[in-house]
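Close look at the chain arrangement
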Amino acid sequence: MAPHPAIRPGRRPLTHGAVTCPRPVPGAALRLFLFHHAGGSHLLYRGWEYEFPADWEVCVLDAPGRGRLADTPFIDDCDELVAFFAAELRPWTDRPFALFGHSMGSLVAYELTRRLEAEGRPRPVWLGMSSCGAPQPDRDRRTPGARHLFTDGELRDRLRSVGGTPDAVLDDEAAWRLFGPRFRNDFALVDTWRPTARTEPLRTPVSAFGGDGDPVVGRERLAAWAGLTERFLGLNMFDGGHFYLADHRRAVTRRVTAAVAAARRASGHAGTTPGPCAMLGTS
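Being a predicted model, the structure only gives us computed values, none of them experimental.

Overview of the overall build of the protein
Per the secondary structure count, the protein includes seven helices and eight strands. When the 283 residues of the protein are sorted by exposure, 53% land in the buried category. Residue pairs in contact within the protein that sit at least 24 positions apart in sequence constitute 81% of those at least 6 positions apart. For the protein, the accessible surface area stands at approximately 12600 Å², while carbon and sulfur atoms represent 51% of it.

A closer look at the confidence of the model for the protein
This prediction gives the protein a mean pLDDT of 88; 87% of its residues lie at or above 70. Predicted confidence for residues 1-11 stays below pLDDT 50, and this span has 22 contacts to residues more than four positions away or in other chains. A low-confidence stretch, residues 271-283 (pLDDT under 50), is modelled with 58 contacts involving residues beyond four sequence positions or located in other chains.

Observations regarding the sheet that holds strand 3 (residues 30-35)
Within the open sheet, the eight strands sit side by side as 1-2-4-3-5-6-7-8. Their pairing is mixed. Bordering the open sheet on either side are strand 1 (14-16) and strand 8 (232-238), each of which pairs with just one other strand. Taken over all neighbouring pairs, the strand axes of this sheet differ in orientation by 15° on average, direction set aside. Both strand 5 (residues 97-102) and strand 6 (residues 127-130) contribute to a ladder of four bridges, which runs parallel. Opposite F100, over in strand 6, you have G128 as the bridge partner. Sheet strands in contact with helix 2 (residues 104-119) are strand 3, strand 5 and strand 6, and its direction is about 145° off that of strand 5. Along the sheet, helix 7 (residues 249-267) contacts strand 3, strand 4 (56-61), strand 5, strand 7 (206-211) and strand 8; its crossing angle with strand 8, the most-contacted strand, is approximately 175°.

Brief notes about the packing of aromatic side chains
This structure, assessed with the given rule, holds 14 aromatic pairs. Measuring from ring centre to ring centre gives 6.5 Å for W48 and F52, while their planes differ by 45°; the resulting arrangement is tilted. The pair W48 / F52 is uniform in exposure class, with both members buried. The rings of Y45, W48, F52, W56, F100, W126 and F209 are connected pair by pair, giving a single aromatic cluster.

Topic: the nonpolar core
Formed by 50 residues in total, the largest nonpolar core has its most connected members in F33, F35, F85, L99, L112, L127 and W225. If you tally residues by element for this core, the top one is helix 2, at seven residues. Residues contacting L112, with those up to four places away along its chain left out, are F35, V82, A86, L89 and L99.

Looking at the pattern of salt bridges
Two side chains carrying opposite charge are able to pair once their charged atoms lie near each other. In total, this model carries 14 salt bridges according to the counting rule given. Taking the shortest distance from any N to any O, the salt bridge between E173 and R156 comes out at 3.2 Å. Here R156 lies in helix 3 (residues 152-162) and E173 lies in helix 5 (residues 173-192), a separation of 17 residues in the sequence. By relative accessible area, which is 44% here, E173 ends up partly exposed. The closest approach of N and O atoms between R160 and D171, which form a salt bridge, is 2.4 Å. With R160 in helix 3 and D171 in helix 4 (residues 167-171), this pair connects stretches of sequence that are eleven residues apart. Through salt bridges with shared partners, a single network forms among R31, E57, D94 and R95.

Quick word on the pairing of strand 4
Within strand 4, six of the six residues are buried, leaving the element largely enclosed by the surrounding structure. With burial as the criterion, each face of strand 4 is covered, one bearing W56, V58 and V60 and the other bearing E57, C59 and L61. Two strands pair when backbone bridges link them, and strand 3 and strand 4 are joined in this way by five bridges, in the parallel orientation. For L32, the partnering residue across the bridge sits in strand 4 and is V58.

Cut-offs applied
- Residues numbered from 1 in each chain as written.
- Predicted model: local features only at pLDDT ≥ 70, side-chain atom pairs only at ≥ 80, totals over all residues.
- Heavy atoms only, no water.
- Helix = DSSP H or I, 4+ residues; strand = E, 2+ residues; numbered from the N terminus.
- Buried < 20%, exposed > 50% of the residue type's maximum accessible area, 1.4 Å probe, protein only.
- Contact = heavy atoms within 4.5 Å.
- Areas by Shrake-Rupley, 256 points an atom, 1.4 Å probe, with all protein chains shown as cover.
- pLDDT = per-residue confidence, 0-100.
- Pairing = 2+ DSSP bridges.
- Axes fitted to C-alpha atoms, helices over the stretch in contact; angles between N-to-C directions.
- Phe/Tyr/Trp six-rings, centres within 6.5 Å; stacked < 30°, edge-to-face > 60°.
- Core = buried A, V, L, I, M, F, W, Y, C linked by side-chain atoms within 4.5 Å.
- Salt bridge = Lys/Arg side-chain N within 4 Å of Asp/Glu carboxyl O.

So this is what it looks like as structure tokens:
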């Protein structure tokens with residue numbers, strides 16, 4: 001693969017566009033890309049890089065409108081956001097990689113995997129779906145009650161019921177003026193997304209994760225991912241709600257590690273990838 005113009009070995013932190021690598025690993029055996037939830041940012045995964053094998057390189061992603069991309073316009077269409085991430089990740093896929101997404105991030109990771117498989121590009125060795133139910137092609141998401149059409153009061157109440165959003169954001173008017181548009185944009189992306197009917201099962205192995213008290217996504221919809229992949233590696237349930245992973249970081253990361261290892265063994269690529277690690281420097 002030709003070097004990306006942003007590759008500058010030895011510079012840290014390794015950040016370029018939507019991708020931040022908080023712990024660079026030269027010669028990494030695998031890269032794990034983490035996609036955030038609606039209204040969120042890469043901060044959902046703060047500290048996760050220390051929970052994985054030493055030869056893994058963990059990369060956290062930001063959708064436009066947050067983090068280093070705070071000055072770029074939001075994207076409220078799933079296909080457009082997937083195209084954005086497909087371009088952003090292209091120089092980072094020079095070695096085996098895996099994807100893990102939470103809630104909206106799962107939807108984006110799933111559609112990105114479908115896109116990579118359809119285009120014949122390098123595809124992930126594993127896909128982790130957290131707090132996101134399997135697509136229901138017969139379900140019309142474009143309803144008057146869609147979350148992005150809620151009043152501010154209704155939207156704040158909805159966020160309180162799900163958890164994961166600090167009261168300081170929901171109760172402070174100045175904070176809500178800053179974060180409210182982000183939530184509304186991301187909910188528009190999820191609410192208006194329509195699954196493609198009769199899609200072929202993914203060739204990429206899939207694992208599902210969720211909280212047993214999640215008011216948004218139940219066990220049945222999580223388990224339904226088994227029907228959308230040629231190899232389902234299991235359903236992983238934890239105590240808690242939609243943001244269960246905040247209280248189970250170590251347990252979740254251990255299961256992710258085990259699932260990726262199982263997927264790689266099955267594909268015959270369990271060893272370390274030779275050659276130097278492509279490092280992207282700060283722009």
